[in-house]
Structures are given as structure tokens and as C-alpha cells.
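Below are the chains, spelled out letter by letter.
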Amino acid sequence: DGGITQSPKYLFRKEGQNVTLSCEQNLNHDAMYWYRQDPGQGLRLIYYSQIVNDFQKGDIAEGYSVSREKKESFPLTVTSAQKNPTAFYLCASSIMAGGENEQFFGPGTRLTVL
Amino acid sequence: AQKITQTQPGMFVQEKEAVTLDCTYDTSDPSYGLFWYKQPSSGEMIFLIYQGSYDQQNATEGRYSLNFQKARKSANLVISASQLGDSAMYFCAMREVSGGGADGLTFGKGTHLIIQP
């Protein structure tokens, strides 16, 4: 079945450690996105990639980094510079960037920093 | 200023009644798209319906319809004949096409809909 997978579903880390969240899609989509959701809030855009080997900062990129070496994969690293990393992280993809193209979302990773 | 405003933090509705979830938006971009997503307690985001700024007719998808009033910058979601499984968070989102900004969706804070038997 085609879709987006994110792993792990739950992640616990100590303060000061970097952590990488996985996002893989087999939909052959060009564009991929990372969002952060805090309790009682909507989603906010962290980074996005419109094509392989290219990515752009979203609204809240500070303390995060990404790579897009393969079309199917868009991992997100939460660095120690991120002041408040505990949140629900959602990865999405769309067939191409922009326009009316809907974004398909993965199941999310819930990160807790202790 | 918020680009997407959802004024109903929570709603209780009787099963089988119709539901209207409010969404207003703010943009100066003449070309934009409006999306509604459903988020059950499991956390996944489920796409429901899309409306383009140049679409002449209101979008419909099964029990979902979008009441698009461009002059009022309003894009309300209507769910007909609500079901217990409709209980979830609902998010309105917008993408500005020609603004030159980030290519992502801007989300509202959501409405928590609870369907009562």
C-alpha cells in the first residue's frame, strides 16, 4: 500500500541530545513537509522540500535541520538548540509543490524531551 | 495577524444533525487554496475537502461541503447527517499560491467536534 511512514511513534530523549525523526513515502511525491503541533494548536511548518537535494525553511526552522538525499526520504533532526522540542511532529507529502495539491500526512511522532 | 481563524474551540452536536464549522482567512494573494483536515484522537491528519480561490462552485465530497464566501473570506465546512465517527479535531488550512512565501499550509487552531448519541 502507498503511504507515508514515520518512525518511531513515540520517542523519549534527554535534554541536550540531538534526535532524528524518520519520514518515508512511497507515493512518488516530489514535495515533502515537516510540521510541528503543540497541544491545542494547529500545525506549524518547520521545513519543506519541493524536490530532491533542495529544501527551504518554514516558519519555525530554528533548532531543526533536514536533508533530502532521496525522493522517498525526508528526515528531521531536532537539535539541542531547539528550546522546547517536546511536541507532536507530522510529516506530509504532495505530488508536487504548490497549487491545489493536497498534502498527505503520516501518522506522526510524539517526541518527549525529559 | 492570524491568517486562519477558527472561532469555535469546541462543539457538541446530536447525531444525525448537520454541523457547520467556521473558518475565516486573511490573505492579499489573489490565488490561494483552502483545505479542511480531520484529526482523530490517533493524531493522523485526514484530508477532507479542497476549495480553490477561483472555483466558481462550492466544493463537495460526500457528506462534506465547503460554504465558500470569497467576499467575506469565509470557508465554512458543513457536515451533513453527522455520525459518531465524526468526533475529532477539524482544521482549516490555506496555501497562498503566488505570494512567494513558504510552500506549506497555514493552519487554524482547530475545532473540537463531539457528536453525541
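Before any of the text, the structure's been laid out above.
Conventions used here
- Residues numbered from 1 in each chain as written.
- Chains lettered and ligands numbered in written order.
- Predicted model: local features only at pLDDT ≥ 70, side-chain atom pairs only at ≥ 80, totals over all residues.
- Heavy atoms only, no water.
- Core = buried A, V, L, I, M, F, W, Y, C linked by side-chain atoms within 4.5 Å.
- Buried < 20%, exposed > 50% of the residue type's maximum accessible area, 1.4 Å probe, protein only.
- Helix = DSSP H or I, 4+ residues; strand = E, 2+ residues; numbered from the N terminus.
- Contact = heavy atoms within 4.5 Å.
- Buried area = accessible area lost by both parts, 1.4 Å probe.
- Polar contact = N/O pair within 3.5 Å; in protein donor to acceptor, adjacent residues only side chain to side chain.
- Nonpolar A, V, L, I, M, F, W, Y, C, P; charged D, E, K, R; others polar.

Caption draft 1: Up close: the nonpolar core. Of all hydrophobic cores here, the largest spans 25 residues; its most connected members are Val19(B), Tyr25(B), Trp36(B), Ile49(B), Leu77(B), Tyr90(B) and Leu113(B). If you list the elements that add at least two residues to this core, you get strand E2 (10-14), strand E3 (19-21), strand E5 (32-39), strand E6 (46-52), strand E8 (64-69), strand E9 (74-79), strand E10 (88-96) and strand E12 (111-116) of chain B. Ranked by residues supplied to this core, first place goes to E10(B) with four residues. Ignoring anything within four residues of it in the chain, the contact list for Leu77(B) reads Val19(B), Thr20(B), Leu21(B), Trp36(B), Leu48(B), Ile49(B), Tyr64(B), Ser65(B) and Tyr90(B). Grouped together as the second largest cluster of nonpolar side chains are 20 residues, Leu21(A), Ala61(A), Tyr64(A) and Tyr89(A) included.

Caption draft 2: The interface of chain A and chain B, seen in detail. Counting from both sides, the interface comprises 24 residues of chain A and, opposite them, 19 residues of chain B. In total, chain A and chain B occlude about 1700 Å² of area from one another, counting both sides; carbon and sulfur atoms represent 53% of this. Seen at the junction of chain A and chain B, the total is five residue pairs in polar contact (both at pLDDT 80 or more). Listing elements by their share of the side of chain A that touches chain B, those giving two or more residues are strand E4 (31-37), strand E5 (43-51) and strand E9 (87-94) of chain A. A total of four residues in the side of chain A that touches chain B trace back to one element, the largest contributor, which is E5(A). Of the residues belonging to the side of chain A that touches chain B, the class tally is 10 nonpolar, 11 polar and three charged.

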